[in-house]
Amino acid sequence: MEPIAEESEESGLPIEEVENAVLEIYQNFITGNESYRTGVLQRDKKAQLYWEGIQNIWWSDSARDYKQVNDLSDTELDEYGLDGEDERNVNIYKAHGEAIIAALSAQVPGILWFPEDADNPNDTDTSKAYSAITDLIRRHNRYDLILIKALFCLYNQEYCAAYLWNDRRREYGVDKTPINATQIEKRPHTICPECGSELPDLEGVSDPIECPVCGAPIVPEIEEEEFEISVIVGESEEYRRRTKIEVFGSLHVEIPPHCKKQSEIPVLILREDVNLSSMLDRYQHLREEGHLDDTGQSTGGGIDEREARRVTQSDDYSSKVVTKTTCWIRPWHFWDWGTDNSEKVEGLQKRFPKGCKAVFVGDTLAEIIHESMDDHWSICASPLSNTVAGVPLGRPELPIQEMKTELLDLGLQTIEYGIPMLFADPAVVGFDAFKNSRANPGSMYPAQPEMGQGIKDSIFETRPTTLAQEVSTLDRSLDEAGQFAVGSFPSIYGGSISGGSKTAREYTESRAMALQRLSITWKQLSYWTVDVFSIGVELFLKDLKSDQKFVEKNQTGFVNVWIRQSELQGKVGNAEPEASDQFPISWSQRRDMFIEIMQMQIPEISSAIFAPQNLQHVSSVLGFPDFYIPGADDRNKQHQEILTLTQAEVIQLGVSEETGQPEVQSSVGIEPFLDNHLVQAQVCRAFLVSPQGRDLQSTNPGAFNNVLTHMLEHEGAQEALNMMQAPEEGPDNS
């Protein structure tokens, strides 16, 4: 059987003692946290159901879960006094949440890595390498979508947590490493039989000669000597790894309620519903024992954990799905085992100095390993709460959603059941004739009113039901209250604003004030992103065995960005969010700002805007990617030439007879009367002073000089053209 935990001589504890200790600590935490956990699941599941548009629900004390009225039978509807109406509502709860998520995820928070010593080149190189690693991790995880998932959790649940780990898979690529082995090889060599000196120049000589070392007459002897040589006998394959990030909310992650920061959390529990076959494949000893069991990991008499993760009652879990529970325990929390077991607790701390991770498949303990909670988890703590857990962003919207649903239901019922009813005396109105005829315009029907009365005196019409004017006023008030409760004002998503002149400037100011409310959450996310990538970079470096590269697109096209181990010899000081006070702006806002800057007509700004390096960005900001900008083709042509220039060196033409200096030419010639020399020289200069150019100067000086020579050729050609176009000085133009 595969052991759950490896034997350790240092701790002095057998495996059975370790298992019993972890099980007892885990059960003590579950029991002590049961009441708080039940409340969290109850509140968060209600928010999840409202998000899905399932709002006709009620809490069942017997089932300890939410029930949907539509799923009840007629007998149950009568028993509970419910009407069983279909789900009809306007889901403003989800609409406001999507508006907030879209506004906050328009831009990914940037991270600025500071070197520990700004004057130390190793530290500055390391800080740059950390930035490259951050970009690689962000790309591998599609962090834009992770940010949306984190905002979704913060809107519906009490906290958001990110789990990071190094994942190895074949689809990431395979690294092949040669396998070397030692072999014995025999090599002949010639020696002197008298003095034993090696005579390599006399190999193949069989006639008597004089030894050049000792001078004795000898016949050289040939001996074989064994040498150990290293040969390649094969190659090993290792899957490449990526640092992965996954986000969970409080429906999946359980922590105690009293902790003010992450370092105070003694136990963290993650529950996931996974396929049973994957667990049997991962833990062979469970398959062999055949005692795998799953009860859904219920918290005692409280709401069932698995049921809480279900959105609707029709989401029946397959029997092939099992709950995987992963529990992280800090080393100082081992004392929860009891002070009577002090020696055993100290043994646990020796065995797991950073804490441990225990994996349960169903209710069966499957694995215990040494792993630190803080090396893999980052919780987005709320700055507006006394503890790590906070109030979800969307919780104030829930009662407003309920009132809106009731108002809508009241209005629909008024329309459906408010049609007036007519009562008539059958002795006056001929109902038989009316029933047996087709209603046509101008039709006549027999009627005989009583003596001294008209026909209308024999017909009674009920008073139609109408909504009070206060209902419309209340509906508008609820809309405004819903916007103010969560900070989702119309100006955020382009809706109309009430009152005012409704000018463009007024819309801009209204949006700025609306976004200021959400800046609290933006700062919270920005600092949490720093914590997440701080963990991610450390995990990446732990498994970095060789230089790595990835490809990115910049102004010169596609370039390789290297993460070299030689650039990781320094230290970084700290990391901070880049411009955390600046709220993310959308594409339309960038376009408006760009047009406003252009209208200033400041020469320095205009020259910077229309620099060759910014032409592509200008067309994208304006929203016309196919818009032709003069100079764009020259810029692209020069970028292609730079790629060719960096793969060669200058061509030596000899020595100049006039100056005596060597003459050189770039490996890619210029077109004197075709090229736009000003633009192409600017592109070359921008490349040479860029990080890629400086890296090329240190790693391949010959290629750097090739690009520099090409730039000088463009500048010389431009000077020649200027001289040709300049008017000649004479008597008439002096």
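Use the structure listed above.
All of these numbers come straight from a predicted model, not from anything done at the bench.

**Some thoughts on the overall build of the chain**
Next up, step 1: A count of helices and strands for the chain gives 21 helices and 22 strands.
Next up, step 2: The proportion of buried residues among the 734 residues of the chain is 40%.
Next up, step 3: For the chain, the share of sequence-separated contacts (at least 6 apart) that also reach a separation of at least 24 residues comes to 73%.
Next up, step 4: Of the roughly 41,800 Å² of accessible surface on the chain, a fraction of 51% belongs to carbon and sulfur atoms.

**With respect to the side chain of Asp 167**
Next up, step 1: Its place among the elements puts Asp 167 in strand E4 (residues 160-168).
Next up, step 2: Residue Asp 167 is classed as buried on the basis of its relative accessible area of 12%.
Next up, step 3: Among the polar contacts listed, one links the side chain of Asp 167 to the side chain of Arg 169, at a separation of 2.9 Å.

**What about the sheet that holds strand E12 (residues 321-329)?**
Next up, step 1: Across the sheet, which stays open at both edges, the 5 strands sit in the order E10-E11-E12-E13-E14 with antiparallel pairing between neighbours. Each having just a single partner strand, strand E10 (253-254) and strand E14 (364-370) make up the two edges of the open sheet.
Next up, step 2: Taken together, the 9 bridges between strand E11 (residues 267-275) and E12 define a ladder with antiparallel strand orientation. Within E12, the residue paired with Val 274 across the bridge is Val 322.
Next up, step 3: Sitting on the sheet, helix H1 (residues 15-32) is in contact with E10, E11, E12, strand E13 (356-361) and E14, with an inclination near 95° to E11.

**Description of the packing of helix H4 (residues 92-104) against helix H11 (residues 397-417)**
Next up, step 1: At a minimum axis distance of 9 Å, the contact between H4 and H11 shows a crossing angle of 140°. Relative to H11, the element H4 lies oblique. Across the interface between the two elements, Ile 92, Tyr 93 and His 96 of H4 pack against Glu 397, Leu 398, Ile 400, Gln 401 and Lys 404 of H11.
Next up, step 2: The class makeup of the residues in the contact of H4 with H11 is 4 nonpolar, 2 polar and 2 charged.

**Quick notes on the sheet that holds strand E15 (residues 377-380)**
Next up, step 1: Taken in spatial order, the 3 strands line up as E9-E4-E15 in an open sheet, and their pairing is antiparallel. Where the open sheet ends on each side, the last strands, each with one partner, are strand E9 (241-249) and E15. Strand-to-strand twist in this sheet, taken as the mean axis angle between neighbours without regard to direction, amounts to 25°.
Next up, step 2: Bridging between E4 and E15 involves 4 bridges; their strand directions are antiparallel. Residue pairing in the sheet places Cys 160 in a bridge with Cys 380 of E15.
Next up, step 3: This element, helix H6 (residues 143-156), spans E4, E9 and E15 of the sheet and lies at about 20° to E9.

**As for the pattern of salt bridges**
Next up, step 1: Using the criterion set out here, one finds 28 salt bridges in the structure.
Next up, step 2: We note a salt bridge from Lys 357 to Glu 371, for which the minimum N-O separation is 3.7 Å. Taken together, the residues Lys 357 in strand E13 and Glu 371 in the loop between E14 and E15 connect sequence positions 14 residues apart.
Next up, step 3: For Lys 357, a relative accessible area of 12% translates into the label buried.
Next up, step 4: Across the pair Lys 404 and Asp 479 runs a salt bridge whose closest N-O atoms are separated by 2.9 Å. Linking Lys 404 in helix H11 with Asp 479 in helix H13 (residues 469-486), this pair joins segments that are 75 residues apart in sequence.
Next up, step 5: Shared partners join several salt bridges into a network, and the residues in it are Arg 168, Glu 238, Arg 241, Asp 543 and Lys 545.

**Focus: the pairing of E14**
Working note: regular strand, side chains alternate between the two faces of the sheet.
Next up, step 1: A large share of E14 lies buried, amounting to 5 of its 7 residues.
Next up, step 2: Of the pairings in the sheet, the one linking E13 to E14 comprises 6 bridges and is antiparallel in character. If you follow Lys 357 over to E14, its bridge partner there is Ile 369.
Next up, step 3: Here E13 folds back onto E14, and the loop between the two strands holds 2 residues, one of which, Gly 362, carries a positive phi near 70°.

**Some points on the state of the cysteines**
Next up, step 1: Under the defined criterion, the tally for this structure stands at 0 disulfides.
Next up, step 2: With no disulfide of its own, Cys 160 has Cys 153 as its nearest cysteine by sulfur position, at a separation of 5.0 Å.
Next up, step 3: Taking the relative accessible area as the measure of exposure, Cys 160 reaches 0% and is therefore buried.

**As for the packing of aromatic side chains**
Next up, step 1: Scanning the model with the defined rule gives 13 aromatic pairs in all.
Next up, step 2: Considering the side-chain rings of Tyr 143 and Phe 533, the 4.9 Å spacing of their centres and the 65° angle between planes classify their relative orientation as edge-to-face. With Tyr 143 in helix H6 and Phe 533 in helix H14 (residues 504-542), this residue pair connects regions lying 390 residues apart in the sequence.
Next up, step 3: Centroid distance Tyr 163 to Trp 377: 5.1 Å. Interplanar angle 40°. Geometry classified as tilted.

**Thoughts on H1**
Next up, step 1: Over its 18 residues, H1 runs 26 Å from end to end, which matches the ideal 26 Å to within 8%, given 1.5 Å per residue.
Next up, step 2: Listing the buried residues of H1 in full gives Ile 15, Val 18, Ala 21, Val 22, Ile 25, Tyr 26, Phe 29 and Ile 30. Seen from one end, H1 has its buried residues packed into an arc of 160°, which puts them on one side. Exposed and facing more than 90 degrees away from the buried side of H1 are Glu 16, Thr 31 and Gly 32.

What counts as what
Residues numbered from 1 in each chain as written. Predicted model: local features only at pLDDT ≥ 70, side-chain atom pairs only at ≥ 80, totals over all residues. Heavy atoms only, no water. Helix = DSSP H or I, 4+ residues; strand = E, 2+ residues; numbered from the N terminus. Buried < 20%, exposed > 50% of the residue type's maximum accessible area, 1.4 Å probe, protein only. Contact = heavy atoms within 4.5 Å. Areas by Shrake-Rupley, 256 points an atom, 1.4 Å probe, with all protein chains shown as cover. Polar contact = N/O pair within 3.5 Å; in protein donor to acceptor, adjacent residues only side chain to side chain. Pairing = 2+ DSSP bridges. Axes fitted to C-alpha atoms, helices over the stretch in contact; angles between N-to-C directions. Parallel < 35°, antiparallel > 145°, perpendicular 65-115°, else oblique. Nonpolar A, V, L, I, M, F, W, Y, C, P; charged D, E, K, R; others polar. Salt bridge = Lys/Arg side-chain N within 4 Å of Asp/Glu carboxyl O. Disulfide = S-S within 2.5 Å. Phe/Tyr/Trp six-rings, centres within 6.5 Å; stacked < 30°, edge-to-face > 60°. Expected span 1.5 Å × (residues − 1). Arc of directions from axis to C-beta.

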